[in-house]
Amino acid sequence: MRNISSVLGRFAKSISVSLVLLFAVTMSSNAQDAKEGAALFKANCTACHKVDRKLTGPALAGMTERHSEEWLIKWIRNSQALIASGDPVANQIFEEYNKVAMPAFSQFSDDQIKSIIAYVKEEEAKANDPNKGGAAGAAAASSDVNNLMIVGIAAILLLAIGVIVILSRVIKTLEKVIANNAAAIEAAKARNEAYEESRKVKFAQKFLKNKKLVGFTALMVVALLAVLGWKTMWNVGVHTGYKPVQPIKFSHQIHAGVNQIECQYCHGGAYKSKNASIPSANICMNCHNTITAADHYDGEISPEILKLYRAVDWDPDTRTYGNNPRPIEWVRIHNLPDFAYFNHSQHVSVAGVACQTCHGPIETMEEVYQYSPLTMKWCVDCHRNTEVNADNKYYDQLIEAHEKLKKGEKMTAAMIGGLECGKCHY
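This is a predicted model, so every value here is computed, not measured. (Residues numbered from 1 in each chain as written. Predicted model: local features only at pLDDT ≥ 70, side-chain atom pairs only at ≥ 80, totals over all residues. Heavy atoms only, no water.)

### Overview of the overall build of the protein chain
Here is step 1 of the chain: When helices and strands are tallied, the protein chain shows 18 helices and two strands.
Here is step 2 of the chain: Taking all 426 residues of the protein chain together, the buried fraction comes to 21%.
Here is step 3 of the chain: Taking as baseline every contact in the protein chain between residues at least 6 positions apart, the subset at least 24 positions apart corresponds to 60%. (Helix = DSSP H or I, 4+ residues; strand = E, 2+ residues; numbered from the N terminus. Buried < 20%, exposed > 50% of the residue type's maximum accessible area, 1.4 Å probe, protein only. Contact = heavy atoms within 4.5 Å.)

Dropping the structure here:
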């Protein structure tokens, strides 16, 4: 609060300066309007009009009393349009002056027409001054207006200063009251703090004495910890959203999405084996021995494609392979426990499961991440809800074996998939 007085003082100075500037701008604007109106009037109107007497057109003295400013703007801009609209005043003037229409001044803006009206008013004031004629009369009228404005501004300024002085005194009085009562306020604050502390101590004592409440609280804490612990342990080994940094920034969104390359072109094992398989670098080179993405790197080979070239020891200038290839150390993302057996071909070829069912919208992923939780519950739920499509060779073999059993023919384990490696080996 001690800074408010100085702030109000600066505020008063700002008000004073602003009022003076406003007064100066207002006077300058009025003078400029009349000056501009004089130039426009002399260039466009003097051939037909005078302020104090009639020529081809009527005398303009008193026109602001006879007509509104809005009507005058319409008349000056296009009198013929106003006459055609059926305006009675316009038609009366048209008939009075032998049906000679005033030329249209559509090039004038509203402000320019208003400046012409201001000039006519100024000339009319000069002509009607009973004491002084011409420029002297106008100067006297202008002086009276200026004096009146100065008196008004001074009155407003004095009123503002008076208000500021009163507010400053009120603030100083309040500051004294606050300073005198500071000790009482501090004492009251200390009493409140002591009271709150005693309330806390009493509450703790009552709580500890209530054995039932203590036991119930302990039970709730144990239950909460048990729930949190169960939830934490339940999610152990679940890596949904896992997205490691790969040695080469391979974009599935560009390859599978934009270019619509089939998943099995690179992951051919998904059709015929347990593992989908990580594609070899030679599969990448089927396309990238010519595709270098140089258009996006100012004519230079893409840095990620250069990593592929270094891995296979490919020289893009001579288009030859060297003798020092190195494996690309991809980081595995989807990793099932060793005790879980999952066969890609069983799901992709036999069941017809789409890659996106487990791996999510892989064609939109700039960087691949684990989309599904891959938990036992998740797999069991899928098996419960997925309908079996028996129209394929796998089930045809089972039906054939079943028919042989019904006929009493010999059937071996090999006939029902007993030679598959996964039956014994993980």
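### Section: the nonpolar core
Here is step 1 of the chain: Grouped together as the largest cluster of nonpolar side chains are 25 residues, with contacts concentrated most on Phe41, Trp71, Trp75 and Phe108.
Here is step 2 of the chain: Setting aside chain neighbours within four positions, we find Phe108 in contact with Leu40, Asn44, Ile76, Arg77, Ile113 and Ile116.
Here is step 3 of the chain: Residues Ile248, Ile305, Val312 and Ile328 belong to the second largest nonpolar core, which totals 10 residues. (Core = buried A, V, L, I, M, F, W, Y, C linked by side-chain atoms within 4.5 Å.)

### Details of unusual backbone geometry
Here is step 1 of the chain: A positive phi angle, close to 75 degrees, is found at Ser277, a residue other than glycine.
Here is step 2 of the chain: Position of Ser277 among the secondary structure elements: in the loop between helix H12 (269-272) and helix H13 (281-288).
Here is step 3 of the chain: Residue Asp313 is not a glycine yet carries a positive backbone phi of 60 degrees.
Here is step 4 of the chain: Counting through the fold element by element, Asp313 comes out in the loop between helix H14 (303-312) and strand S1 (314-315).
Here is step 5 of the chain: Relative accessible area serves as the criterion here: at 25%, Asp313 is assigned to the partly exposed category.

### Quick word on helix H5 (residues 88-96)
Here is step 1 of the chain: If you check which residues of H5 are buried, you get Ala90, Ile93 and Phe94. Seen along its axis, H5 keeps its buried residues to an arc of 100 degrees; they face one direction. Across from the buried face of H5, at angles greater than 90 degrees, the exposed residues are Pro88 and Gln92.
Here is step 2 of the chain: Contacts made by the buried residues of H5 are with helix H3 (69-77) and helix H4 (79-84).
Here is step 3 of the chain: N-cap assignment for H5: the residue whose side-chain oxygen lies 3.2 Å from the backbone N of Val89 is Asp87.
Here is step 4 of the chain: Two residues or fewer past H5, Asn98 is found with a positive phi of approximately 55 degrees. (Arc of directions from axis to C-beta. Polar contact = N/O pair within 3.5 Å; in protein donor to acceptor, adjacent residues only side chain to side chain.)

### Description of helix H9 (residues 211-234)
Since the α-helix advances by 3.6 residues per turn, residues separated by three or four positions end up pointing in the same direction.
Here is step 1 of the chain: For H9, built from 24 residues, the straight-helix expectation of 34 Å at 1.5 Å per residue is met to within 8% by its first-to-last C-alpha distance of 34 Å.
Here is step 2 of the chain: By the criterion of burial, H9 is predominantly exposed, with just zero of the 24 residues buried. (Expected span 1.5 Å × (residues − 1).)

### Considerations on the side chain of Glu124
Here is step 1 of the chain: Mapped onto the fold, Glu124 is located in helix H6 (residues 110-128).
Here is step 2 of the chain: Buried within the structure, Glu124 lacks any salt-bridge partner; Arg66 is the closest side chain of opposite charge, at an N-O distance of 7.1 Å.
Here is step 3 of the chain: With residues near it in sequence (within four places) discarded, Glu124 still touches Val51, Ala61, Gly62 and Glu65. (Lys, Arg positive; Asp, Glu negative; His and termini not counted. Salt bridge = Lys/Arg side-chain N within 4 Å of Asp/Glu carboxyl O.)

### Examining the packing of H3 against H6
Two packed helices can be described by the angle between their axes and the distance between those axes.
Here is step 1 of the chain: The geometry of H3 relative to H6 is characterised by a closest axis approach of 10 Å and an angle of 110 degrees between their N-to-C directions. With respect to their mutual orientation, H3 and H6 come out roughly perpendicular. Between H3 and H6, the residues in contact are Glu69, Leu72, Ile73, Ile76 and Arg77 and Asp110, Ile113, Lys114 and Ile117, respectively.
Here is step 2 of the chain: For the contact of H3 with H6, the class distribution of residues is five nonpolar, no polar and four charged. (Axes fitted to C-alpha atoms, helices over the stretch in contact; angles between N-to-C directions. Parallel < 35°, antiparallel > 145°, perpendicular 65-115°, else oblique. Nonpolar A, V, L, I, M, F, W, Y, C, P; charged D, E, K, R; others polar.)

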